[in-house]
Structures are given as C-alpha cells and as structure tokens.
Amino acid sequence: MKTNHAYSIWPNRSTLAFSMIKTFGTSLFPVLFMILILFSNKSFSQVTNPKNKTNMNILNDKIQDLKFHELPYSYDALEPHFDKLTMEIHYSKHHKAYYDNLMSAMKDNPDSKSLSLIDLMKNISKYPTGVRNNGGGYFNHHLFWNIFSAKPQSLPQGDLKLAIEKEFGSFEDFKKEFETAAKTRFGSGWAWLSVDNNGKLFVSSTPNQDNPYMDIVEKQGIPIVGIDVWEHAYYLKFQNRRPEYVATFWNVIDWKKVEELYKKSK
Ligand SMILES: [Fe+2]
C-alpha cells in the first residue's frame, strides 16, 4: 500500500532531524539518524498515516496490509446532522473493533498475504462468519465515512444524475426507494445504491455487515452509497427514530464523492 500524504503524530522530519543535532551535537549517531529520517522512503507517515486512502483504493490492498484509516474529517464536522459523540464512538470503537477483529481472524490465515480485500469479499462464503462480519464491517464503514463531507455537493450531477433518473424516474423517486430499504431492514444492516454487472444502478439492503460485493447476497454489485442502519449509528441522537436518521443522511452525503465512485465502477 502506498501513501502520499505526510500527516503523522511525528514532527516534521526536518524539524526532528535538526532537533536531534541540537540535542546531541555533531556526534556520528544523530547525523546517521538524520540521514535515515530525511532519505528513507519508508517514512513514519507510512505507518502512522493511512489518511490519503479516502477512496476505495483499499479494495486492492492485501489483507495483511490493511490499515485502520483516519477519518477524513473531525468528529464534529457533520454537526448538526450527525453528532460528534456518535461519530467518535462509531469510528473509534465500532469501526476499530471490526478492523482489529478482522486482522486477528486473518492473522494466521495463509491467504492474508496474497488475497486482496475485494477478493476476500467476493469469496466470503468460503470464510468463517467472523471474517465475513468483520471484513464487511471494516469495508462498509470505510465507504460510509468517505461519502460524507462537511460541505457536500447536495445533488448528483452529470452521468450519475442521468443514470438515477433513468433507473428510478427521478432523484426523489430514488430517495424514496433507498429510504424504504433503509427503514425496513429488520434489525441491523445496511441499505445500498450499487452498480450491477450491466452498469445499471439498483437499491438493495443487506443484514449485519454484509455488502453487495459479497457472494452471499441476493444481488451482487459495486456499492457507491451505503447507509449504516445499526442502532450504534444513530441511537445517541435519534434514539429509536431510524426514519429521522435516514432523512438526515441526505444532508451529509457528498454527491461529488459518489460520482467519483460511480465513474470508477464503470
Ligand atoms: Fe456502524
């Protein structure tokens, strides 16, 4: 996995290097350390910052290389629609647990070195329930965070707009179908807008942490919008009022990001 951005909890590399010289003088050790920091391609940021994976590039990452990616905005960025506390718990506890449990479940699996996330999901029926639940949970939440924005493009445009109108009649009709799928999913699960094998859009819902990539769903496709309807996604703010949470979802979804996923799906 490659990363481009240099965010990390570490200080700037130059600052760190010069700070070392100031502290230790010009003895050999700090000089070598400085060279290591300045010229190493395997920078600390590669370990501490998977921030730039704000899209679906993770799909081709090998299981053993998967990272717990940083949320692409602050916990309070989606206020007043999605509240800060829910976002913090949802991301740092629930999503993190799916990641940890997936890595733990696949730790000693020989497939972990060669199998990509997308191949795992497409062949999920061959794996234990724990891998299915946590692999889905890991991917689904990554998609979920990355279709939101504090200043979203509020409506689809261009090809996606046309495709939605072609399949559903209008954007409003699509919203109704999507909301119905989200509101009527019994228990915990997700509702999706996906692209099928023929490039057509469709709405579906899945239980638990399943998703349309998986070979166990009724209709497979490439998900480009997903809404988490587990109670942990909304209960603190909306309590049992799932329909209100689903209606609020439209305020934070960034259709520009969805359009990018739609283009890549084709
Ligand atoms: Fe969730």
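Basis of the calculations
- Throughout this description, residue numbers start from 1 for each chain and increase along the sequence as written.
- Predicted model: local features are reported for residues with pLDDT of at least 70 only, side-chain atom pairs are reported and counted for 80 or more only, and whole-chain, interface and lining totals are derived from all residues.
- Each helix is a run of DSSP H or I of at least 4 residues and each strand a run of E of at least 2, with the numbering of both proceeding from the N terminus.
- Residue burial here comes from a neighbour count, namely the number of other C-beta atoms, placed from the backbone, that lie within 10 Å of the residue's own C-beta, with 20 or more meaning buried, 12 or fewer meaning exposed, and in between meaning partly exposed.
- Any pair of residues counts as being in contact when their C-beta atoms, constructed from backbone geometry, are within 7 Å of one another.
- If DSSP finds at least two bridges between two strands, the strands pair.
- Between the N-to-C directions of two axes lies an angle of 0 to 180 degrees, each axis being a line fitted to C-alpha atoms and, for a helix, fitted only over the stretch in contact.
- As used here, the arc belongs to the directions running from the helix axis to the C-beta atoms.

1. What about the overall build of the protein chain?
Working step 1: The number of helices and strands found in the protein chain is eleven helices and three strands.
Working step 2: For the protein chain, the α and β elements follow one another from N to C terminus as α-α-α-α-α-α-α-α-β-β-β-α-α-α.
Working step 3: The buried share of the protein chain, reckoned over its 266 residues, is 31%.
Working step 4: In the protein chain, of all internal contacts separated by at least 6 residues, the share reaching a separation of at least 24 is 68%.

2. Description of the environment of leucine 78
Working step 1: In this structure, leucine 78 sits in the loop between α3 (44-48) and α4 (84-106).
Working step 2: The class of leucine 78 is buried, set by 21 C-beta atoms lying within 10 Å.
Working step 3: Between the alpha carbons of leucine 78 and isoleucine 253 there is a distance of 9.8 Å; along the sequence they are 175 residues apart.
Working step 4: Apart from residues no more than four positions distant in its own chain, leucine 78 is found in contact with Met87, Phe148, Ala150 and Val252.

3. Quick notes on the sheet that holds strand β3 (residues 222-228)
Working step 1: With respect to topology, three strands assemble into an open sheet ordered β2-β1-β3, the strand pairing being antiparallel. The open sheet terminates on both sides in strands that have one partner only, identified here as β2 (201-207) and β3. Sheet twist, expressed as the average angle between the axes of neighbouring strands with direction ignored, equals 25°.
Working step 2: Here strand β1 (residues 189-195) pairs with β3 via six bridges, running antiparallel. The residue bridging valine 195 from the neighbouring strand is isoleucine 222, located in β3.
Working step 3: Across the sheet, helix α6 (residues 129-145) lies against β1 and β3, angled at about 85° from β3, the strand it touches most.

4. Notes on helix α11 (residues 255-265)
Working step 1: Where α11 is concerned, the buried positions are Trp255, Lys257, Leu261 and Tyr262. Down the axis of α11, the smallest arc covering the buried residues is 155°, so these residues share one side.
Working step 2: Of the surrounding secondary structure, the elements contacted by the buried residues of α11 are α7 (158-168), β1 and β3.

5. Some details on unusual backbone geometry
Working step 1: A cis amide bond, omega 0°, links glutamate 79 with the succeeding residue proline 80.
Working step 2: Looking at the element boundaries, proline 80 is found in the loop between α3 and α4.
Working step 3: Of note, the phi angle at asparagine 208 is positive, near 55°, even though the residue is not glycine.
Working step 4: For glutamine 239, which is not a glycine, the phi torsion comes out positive at approximately 50°.

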